[in-house]
Amino acid sequence: MITENQRLAIQFEYPNVIEVDDNLDRLIRNIELLSYVNPLNGEKEKHKFFASKFVEDPKFKYPKLKFDPYKLHRLFYSQRLERIQDAELKNLYTDIIYYYANMVQCIKTIGKGKEFYYNSLNIYGTPTEKDVQNAKFILHFDDEPGDVELEKVFSTEDAKAYFEDFAAAYEFPLNIKFATHIAADAMVSNATKTLLLKRNSRFSQNQLLTLANHEIGVHLVTTFNASLQPLKIFSNGFPKNVETQEGLAVFSEYMSGALTIKRLKELAYRVLASDSLIKGYSFADTFDLIHNQYKLNRNDAFSITLRAHRGGGFTKDRLYLSGLKKIYKRYKNGESMDVLLTGKVALNNADQIKYLQNLGLAQPISHNNLAYSEKRSSNATLDFILNNLK
């Protein structure tokens, strides 16, 4: 953790960097994409879609913007980067400005079909052929036999108590709120350092372990590590950090023994749903692919289809599997994850972060992932799959 004296010394030595970083923090903090792309009427449209026998595409509604996109763009590009003398730092913040300007454009076009989809592609990309092959490879394996730990018998109140108990091992406060308009059963709001639980959801024992290690063990760990860094960009997020962050989170599931074949197949379905977008599939087409061709139950198929089609075509979900593959490779190579837990950073930022640490502009982590210290997974099939992803 940085001391006040260290902070003052950094401000004295790198005033132009701190000024740009502070300015960008004020601009970025209100543009959390996931708070805008999740439909307000998801459950209502789900019932209508099922009633139509899966043929009438849902008509989703989205939250109104709380910022002026044009004004934000103008402010992003008014930053005086020429004052930053260090070329490495100047290039870093140039990339950050371009990335968040693209994010603003993406949010601005939510609900506008292809316009949003193309902006989403610019930020998250589309599955590669190897990604699709990996997804299909995973889907060849059978789920684990029925297990009482997979039965959804726990309420959101039960989940809240479970997560509070789980987080007691971590040295940061856990703030939990119930929410309605989120696509997942649980997610972290980075801006408010809050774990959001979807109201009226039901959870299995395995799902609680999975979410605890995914959301608390990684997403909140990196949130709180980031808050202790001298630069606020660690909290707001380096460009293209999602693949690494989600890869770390699913790897945490694996190391804790929570990851199942069923869960891995869910990530594979997400890749295929994302891939269907570039082929021009409608919502009903993607649902048909997942539900009728791959035989996933209708509720889970709807959830995966919704996640891919929200906003007009959202490809973020394709990154979970590729992220896991890259993090697993790093683990097999015996490389530490510490630098990747310093905040919302990407694998390709590792050298930049070490450079920042040498300058005193970044600190070692204060919170680690507890599952990473001991491999509790004993699933030989999972190990075989992860070792054979392309």
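These figures come from a predicted structure and were not determined experimentally. (Residues numbered from 1 in each chain as written. Predicted model: local features only at pLDDT ≥ 70, side-chain atom pairs only at ≥ 80, totals over all residues. Heavy atoms only, no water.)

Across its full length, the protein holds 18 helices and 3 strands. Its C-alpha radius of gyration of 21 Å places the protein within 12% of the 21 Å reference for a compact globule of 390 residues. Taken over the C-alpha atoms alone, the protein extends approximately 65 × 45 × 40 Å along its principal axes. Going through the 390 residues of the protein one by one, you find that 55% of them count as buried. Intrachain contacts of the protein at a sequence separation of at least 6 include 76% that bridge at least 24 residues. (Helix = DSSP H or I, 4+ residues; strand = E, 2+ residues; numbered from the N terminus. Rg over C-alpha atoms; globule rule 2.2 N^0.38 Å. Buried < 20%, exposed > 50% of the residue type's maximum accessible area, 1.4 Å probe, protein only. Contact = heavy atoms within 4.5 Å.)

Running from amino to carboxyl end, helix α14 (residues 283–293) crosses helix α15 (residues 298–309) at an angle of 135 degrees, the nearest separation of the two axes being 9 Å. The orientation of α14 with respect to α15, classified from their angle, is oblique. Relative to α15, the crossing made by α14 is right-handed. Seen from α14, the contacting residues are Phe283, Thr286, Phe287, Ile290 and His291; seen from α15, they are Arg298, Ala301, Phe302, Thr305, Leu306 and His309. Looking at the contact of α14 with α15, its residues break down into 6 nonpolar, 4 polar and 1 charged. (Axes fitted to C-alpha atoms, helices over the stretch in contact; angles between N-to-C directions. Parallel < 35°, antiparallel > 145°, perpendicular 65-115°, else oblique. Left-handed = near helix turned anticlockwise from the far one by under 90°. Nonpolar A, V, L, I, M, F, W, Y, C, P; charged D, E, K, R; others polar.)

For the second largest pocket, the calculated volume is near 470 Å³. Around the second largest pocket, the lining is made up of 20 residues, and of these Glu32, Leu34, Ser35, Tyr36 and Lys66 lie nearest the centre. Residues belonging to the lining of the second largest pocket are distributed by class as follows: 10 nonpolar, 6 polar and 4 charged. (1 Å grid on protein atoms, 1.4 Å probe; cavity = no way out; pocket = protein on both sides within 12 Å on 5 of 7 lines; lining within 4 Å. Points joined across faces, edges and corners; volume = space filled by probe spheres on them.)

Now for the environment of leucine 27. Considering the arrangement of structural elements, one finds leucine 27 in helix α2 (residues 15–28). For the pair leucine 27 and leucine 75, spaced 48 residues apart in sequence, the C-alpha separation works out to 7.9 Å. Those residues in contact with leucine 27 that lie beyond four places of it in its chain are Leu72, Leu75, Phe76 and Gln79.

Right, let's talk about the packing of aromatic side chains for a bit. How two aromatic rings sit relative to each other is given by the distance of their centres and the angle of their planes. With the rule as written, the count across this model stands at 31 aromatic pairs. Ring centres of tyrosine 254 and tyrosine 328 lie 5.7 Å apart, and the angle between their planes is 85 degrees; on these two criteria the pair is classed as edge-to-face. Taken together, the residues span a long stretch of sequence, with tyrosine 254 in helix α12 (residues 242–256) and tyrosine 328 in helix α16 (residues 319–332) at a distance of 74 residues. You'll find tyrosine 254 and tyrosine 328 in the same group, each marked buried. Between arginine 270 and the ring centre of tyrosine 320, over which it is positioned, the NZ or CZ distance is 4.7 Å. (Phe/Tyr/Trp six-rings, centres within 6.5 Å; stacked < 30°, edge-to-face > 60°. Lys NZ or Arg CZ within 6 Å of the ring centre and 35° of its normal.)

Here we take up the sheet that holds strand β2 (residues 186–189). Two pairing modes exist for strands in a sheet, parallel and antiparallel, and in both the strands are linked by backbone hydrogen bonds. Reading across from one edge, β1-β3-β2 is the order of the 3 strands in this open sheet, with mixed pairing throughout. Here the strands that pair on one side only, and so sit at the sheet edges, are β1 (175–179) and β2. Going across the sheet, the axis of each strand differs from the next one's by a mean of 30 degrees, ignoring polarity. In the sheet, β2 pairs with strand β3 (residues 194–198) via 4 bridges, with the strands oriented antiparallel. (Pairing = 2+ DSSP bridges.)

The next point concerns the pattern of salt bridges. Considering all chains together, one arrives at 19 salt bridges under this definition. Of the charged contacts, one joins lysine 316 and glutamate 246 as a salt bridge, the two residues approaching to 3.7 Å between their closest N and O atoms. Note that lysine 316 is positioned in the loop between α15 and α16 and glutamate 246 in helix α12, a separation of 70 residues in sequence. Taken as a pair, lysine 316 and glutamate 246 share a single burial class, namely buried. One network of salt bridges, with partners in common, ties together Glu253, Arg263, Glu266, Arg270, Arg307 and Asp317. (Salt bridge = Lys/Arg side-chain N within 4 Å of Asp/Glu carboxyl O.)

Moving on: the pairing of β3. Counting buried positions over the 5 residues of β3 gives 5, a clear majority of the element. Side chains Thr194, Leu196 and Lys198 of β3 all project onto a buried face; the interleaved residues Leu195 and Leu197 project onto the opposite face, where all are buried too. By the bridge criterion, 5 bridges tie β1 to β3 in an arrangement that is parallel. Its bridge partner lying in β3, isoleucine 176 is registered against leucine 195. Between β2 and the antiparallel strand that follows it, β3, lie 4 residues; lysine 193 among them carries a positive phi value of about 55 degrees.

A separate point is the nonpolar core. By size, the foremost hydrophobic cluster in this structure holds 97 residues, and its most contacted members are Tyr93 and Phe234. Per-element tally for this core: the top contributor is helix α6 (residues 87–108), with 11 residues. Filtering out sequence-adjacent residues up to four positions away, phenylalanine 234 remains in contact with Ala226, Gln229, Thr342, Gly343, Lys344, Val345, Ile353, Leu356, Leu361 and Ala362. Judged by nonpolar contacts, the second largest core, of 19 residues, contains Val188, Leu211, Leu220 and Phe224. (Core = buried A, V, L, I, M, F, W, Y, C linked by side-chain atoms within 4.5 Å.)

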